[in-house]
Amino acid sequence: MSSRNRNSRGPNRNSGSTQGEEAAIWSNIKEELRTMIEGVNNSNDELRGILAQEKYISKSKLSKDSSSIDIGAEEAKLDALLRSGVKGADVSKQQIDSLIETVTILRALVKAKEDAESQSAGTSSLGGRERPSGLLSSGARSSSARGLGQREKEREREKEREREREREKDRDKDPGSVYEFDGAGDSPVPSPAGNHTRKLGGSVGGSDRSANRDSVPPRGDRDTPGKADSVPPDGGLGTGTALQRARNVFLRGQDVVFKPKPTTSADSTEWMLGKVQQVLGEGKSRRYKVQDADPDLPPDQRVEYRTSASSMIPLPPPGADLPELEKGKTVLALYPDSTMFYKAEVMGAEASTGKVSLRFEGEENSVTLQLVDRRFVVDFRN
């Protein structure tokens with residue numbers, strides 16, 4: 001790469017340091033590429049292990065000798081594989097993002113150097129005398145690189161503004177969406193912890209769920225339409241008219257249920273437990289920074305998302321007096337030992353603890369019901 005840009009007309013006092021910097025960056029890129037490929041291969045191996053374990057469990061349940069197989073232990077192995085796979089996918093994405101950033105820096109340096117040499121060649125003759133090709137200083141090349149980086153950032157900002165305008169047009173075409181009353185949809189705000197995936201274990205806001213246990217939420221068909229009673233009636237948490245729901249105002253430090261915006265049209269997201277960290281703006285332009293309530297991470301490393309009231313559901317404070325839920329009602333509830341909310345059906349309540357007995361979607365064939373604190377059971381929303 002450096003030989004392609006070498007100036008054959010004369011020595012360049014700054015070319016040595018620039019070429020050394022490019023060579024160092026290129027070495028880093030090759031090392032990061034090897035690490036990324038290794039991580040992707042490991043993720044693929046974990047995925048194959050997950051598929052094989054699921055196939056083995058399915059065959060074991062149908063086998064005549066299923067009584068000799070500990071299905072619970074096999075499912076625990078599958079849970080461990082799933083958690084390991086999620087963490088591996090996070091690491092791979094961080095490695096890919098780091099590689100892209102390093103390549104962008106190298107591209108800017110090379111482009112700045114080529115621009116500098118082009119300018120030097122055009123002004124090499126002055127008053128009949130040949131000007132040294134190294135006249136352009138390293139400071140000028142650095143300025144060119146910074147200018148290129150600024151132009152790249154500006155193009156990215158323009159693309160984001162265009163996507164936002166497209167989303168506004170889509171919302172104008174669908175005025176019946178009561179949850180988009182306060183304007184544009186949500187957008188994730190990256191944090192040092194990286195991208196969020198399902199984070200399991202622990203609780204916030206006074207819940208008595210164990211922080212030392214992990215479980216995987218049900219793997220059902222999340223696209224199954226809700227029951228006829230899934231539209232929230234008047235009364236209770238998260239209810240009232242559509243206008244009232246859209247005009248909910250949240251406070252800093254408030255526990256909420258929120259749904260991050262998918263990063264691409266092919267992705268889907270689930271409702272999750274969070275806490276309001278910051279209120280931005282007023283009126284229809286009001287937005288919120290909500291932090292994922294993942295108990296496995298220190299507060300300063302938890303992922304933050306920028307969202308709007310239309311993608312949030314308020315949670316009552318601990319100890320609030322809440323109405324009893326009717327049996328058969330479709331709700332959105334916190335899955336035990338996780339921070340994710342899923343569709344469930346009310347099966348009853350425990351008078352001694354006040355917890356709600358639920359059957360989550362995807363667990364219809366299970367004889368075991370889940371018990372969830374009443375404050376973490378809200379009216380169902382897609």
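Nothing here was measured: the structure is a model prediction, and the numbers come from that model.

A. Examining the overall build of the protein chain more closely. Scanning the protein chain from terminus to terminus reveals four helices and 13 strands. Looking at the protein chain as a whole, 36% of its 382 residues are labelled buried. Counting contacts in the protein chain only where the partners sit at least 6 residues apart, residues at least 24 apart contribute 64% of the total. Of the roughly 22,100 Å² of accessible surface on the protein chain, a fraction of 52% belongs to carbon and sulfur atoms.

B. Molecular detail of the pairing of strand 7 (residues 304–307). Every second residue of strand 7 is oriented toward a common face, the buried set being Tyr305 and Thr307 and the non-buried set Glu304 and Arg306. Both strand 6 (residues 287–292) and strand 7 contribute to a ladder of four bridges, which runs antiparallel. The residue bridging Lys289 from the neighbouring strand is Arg306, located in strand 7.

C. Looking closely at unusual backbone geometry. Positioned with a positive phi, Asp337 is a non-glycine residue whose angle comes to about 60°. As for its position among the elements, Asp337 is in the loop between strand 9 (330–334) and strand 10 (340–349).

D. Structural view of the pairing of strand 5 (residues 271–280). Bridge count for strand 4 (residues 255–258) against strand 5 is four bridges, and the pairing is antiparallel. Of the residues in strand 5, the one forming a bridge with Val256 is Gly274. Sheet topology note: the strand 5/strand 10 ladder contains two bridges and is antiparallel. Residue pairing for strand 10: Trp271 is matched across the bridge by Phe341. The pairing of strand 5 with strand 6 spans six bridges and is classified as antiparallel.

E. Local environment of the packing of aromatic side chains. A full pass over the atoms with the stated rule returns four aromatic pairs. The interplanar angle of 90° and the centroid separation of 5.5 Å between the aromatic rings of Phe250 and Tyr288 together place this pair among those described as edge-to-face. Taken together, the positions of Phe250 in the loop between helix 4 (242–246) and strand 4 and Tyr288 in strand 6 put the pair 38 residues apart, joining distant regions of the chain. For the ring pair Tyr335 and Tyr342, a centre distance of 6.4 Å and an interplane angle of 85° mean the geometry is edge-to-face. A single burial state applies to Tyr335 and to Tyr342, both of which are buried. In this structure an aromatic cluster arises from ring pairing among Tyr335, Tyr342 and Phe360. Taking NZ or CZ as reference, Lys343 lies 5.3 Å from the ring centre of Phe380, over its face.

F. Region of the structure containing the nonpolar core. Grouped together as the largest cluster of nonpolar side chains are 36 residues, with contacts concentrated most on Met312, Phe341, Leu358, Phe360 and Val377. Those elements that place two or more of their residues in this core are strand 4, strand 5, strand 6, strand 8 (312–314), strand 9, strand 10, strand 11 (356–360) and strand 13 (377–379). Top contributing element to this core by residue count: strand 10, with five residues. Not counting the four nearest positions on each side in its chain, Phe341 is found in contact with Val257, Glu270, Trp271, Met272, Leu273, Leu332, Ala333, Leu334 and Phe376. Listed in part, the seven residues of the second largest apolar core include Ile25, Ile29, Leu99 and Leu106.

G. Main features of the confidence of the model for the protein chain. Considering every residue of the protein chain, the mean pLDDT works out to 74; 66% of them sit at 70 or more. Put simply, strand 3 (residues 187–189) is where the protein chain has its lowest mean pLDDT, 45, and strand 9 is where it has its highest, 97. Note on residues 1–14: pLDDT is under 50 here. Beyond four places in sequence and across chains, it has 25 contacts. Low pLDDT, under 50, characterises residues 174–215; the predicted model gives this stretch 123 contacts beyond four residues in sequence or across chains.

H. The arrangement of the side chain of Gln254 in detail. Its location among the elements puts Gln254 in the loop between helix 4 and strand 4. With residues near it in sequence (within four places) discarded, Gln254 still touches Val249, Gly274, Lys275, Val276, Pro314 and Leu315.

I. Inspection of the pattern of salt bridges at higher detail. Here the structure, examined in full by the defined rule, presents nine salt bridges. For Asp115, the salt bridge is made with Lys111, and the minimal N-O distance between the two is 3.0 Å. Taken together, the positions of Asp115 and Lys111, both in helix 2 (residues 71–122) and four residues apart, correspond to about one turn of that helix. A salt bridge links Asp379 to Lys329; the shortest N-O distance between them is 3.3 Å. Of the two residues, Asp379 is situated in strand 13 and Lys329 in the loop between strand 8 and strand 9; the sequence distance between them amounts to 50 residues.

About the criteria used
Residues numbered from 1 in each chain as written. Predicted model: local features only at pLDDT ≥ 70, side-chain atom pairs only at ≥ 80, totals over all residues. Heavy atoms only, no water. Helix = DSSP H or I, 4+ residues; strand = E, 2+ residues; numbered from the N terminus. Buried < 20%, exposed > 50% of the residue type's maximum accessible area, 1.4 Å probe, protein only. Contact = heavy atoms within 4.5 Å. Areas by Shrake-Rupley, 256 points an atom, 1.4 Å probe, with all protein chains shown as cover. Pairing = 2+ DSSP bridges. Phe/Tyr/Trp six-rings, centres within 6.5 Å; stacked < 30°, edge-to-face > 60°. Lys NZ or Arg CZ within 6 Å of the ring centre and 35° of its normal. Core = buried A, V, L, I, M, F, W, Y, C linked by side-chain atoms within 4.5 Å. pLDDT = per-residue confidence, 0-100. Salt bridge = Lys/Arg side-chain N within 4 Å of Asp/Glu carboxyl O.

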